[in-house]
Structures are given as structure tokens and as C-alpha cells.
Amino acid sequence: MSPTPRPLRLATTDRTAQILRRCYRGQQPADVLERALLMLAAADGHLDTAGRIRSGQTSANR
């Protein structure tokens with residue numbers, strides 16, 4: 001059995017950190033960024049209607 005992959009660590013820019021602090025007080029930054037990424041991936045057509053990643057769908061394929 002393969003080990004569970006560790007979560008990816010992302011660094012925020014100063015502007016992103018300021019938006020997270022001022023606009024999303026009391027919310028975990030990782031939760032806010034997850035919602036944003038899901039909205040972006042859906043808008044870009046990378047997710048199906050159930051929210052699953054479309055197989056074989058990459059930016060290069062579009």
C-alpha cells in the first residue's frame with residue numbers, strides 16, 4: 001500500500017495574504033483558497049457537474 005501523499009504547501013503573496021486577513025476574517029485560509037480553486041477549476045471546465053476532475057482535461061487540451 002502506498003503512503004498517503006502530503007498536502008501541497010502554497011505560499012501566498014503579500015496581496016493574497018492581505019485579502020485573506022481582511023475579507024475572510026475568522027475563516028481558515030486553506031478553506032477559503034480551496035473554495036476559490038474549486039470555483040476557478042469549474043469555470044475553466046476542468047470539473048464535471050458533480051465536481052469531479054474531468055479525465056484527460058488539461059489546459060493544453062482545451
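Further up the page is the structure itself.
The structure reproduced in this document is the subject of the present report.

### Topic: the overall build of the chain
Working step 1: A count of helices and strands for the chain gives two helices and zero strands.
Working step 2: The C-alpha radius of gyration of the chain comes to 15 Å, more than 25% above the 11 Å expected for a compact globule of 62 residues.
Working step 3: C-alpha atoms of the chain, sized along the principal axes, occupy 35 × 35 × 20 Å.
Working step 4: Out of the 62 residues in the chain, the part that is buried amounts to 10%.
Working step 5: Counting only carbon and sulfur atoms, one obtains 55% of the accessible surface of the chain, whose full area is about 6,000 Å².
Working step 6: For the chain, the distance from the average position of its 10 positive side-chain charges to the average position of its 5 negative side-chain charges is 4 Å.

### A word on the environment of aspartate 14
Working step 1: Positionally, aspartate 14 belongs in helix α1 (residues 14-23).
Working step 2: Distance in space between the C-alpha atoms of aspartate 14 and leucine 38 is 22 Å, their sequence separation being 24 residues.

### Structural notes on the pattern of salt bridges
Side chains that differ in charge, positive against negative, can pair when their charged atoms come close.
Working step 1: Overall, the coordinates contain one salt bridge when judged by the stated rule.
Working step 2: For the salt bridge of aspartate 48 with arginine 52, the shortest nitrogen-to-oxygen distance reads 3.2 Å.

### What about the layout of surface pockets?
Working step 1: Its boundaries defined by the atoms lining it, the largest pocket holds a volume of some 420 Å³.
Working step 2: Taken together, 13 residues make up the lining of the largest pocket; nearest its centre are Leu8, Leu10, Ala30, Leu33 and Glu34.
Working step 3: Counting residues per element, the lining of the largest pocket draws most heavily on helix α2 (residues 29-43), at eight residues.
Working step 4: Grouping the constituent residues of the lining of the largest pocket by class yields eleven nonpolar, one polar and one charged.

So, how was this worked out
- Residues numbered from 1 in each chain as written.
- Predicted model: local features only at pLDDT ≥ 70, side-chain atom pairs only at ≥ 80, totals over all residues.
- Heavy atoms only, no water.
- Helix = DSSP H or I, 4+ residues; strand = E, 2+ residues; numbered from the N terminus.
- Rg over C-alpha atoms; globule rule 2.2 N^0.38 Å.
- Buried < 20%, exposed > 50% of the residue type's maximum accessible area, 1.4 Å probe, protein only.
- Areas by Shrake-Rupley, 256 points an atom, 1.4 Å probe, with all protein chains shown as cover.
- Lys, Arg positive; Asp, Glu negative; His and termini not counted.
- Charge placed at Lys NZ, Arg CZ, Asp CG, Glu CD.
- Salt bridge = Lys/Arg side-chain N within 4 Å of Asp/Glu carboxyl O.
- 1 Å grid on protein atoms, 1.4 Å probe; cavity = no way out; pocket = protein on both sides within 12 Å on 5 of 7 lines; lining within 4 Å.
- Points joined across faces, edges and corners; volume = space filled by probe spheres on them.
- Nonpolar A, V, L, I, M, F, W, Y, C, P; charged D, E, K, R; others polar.

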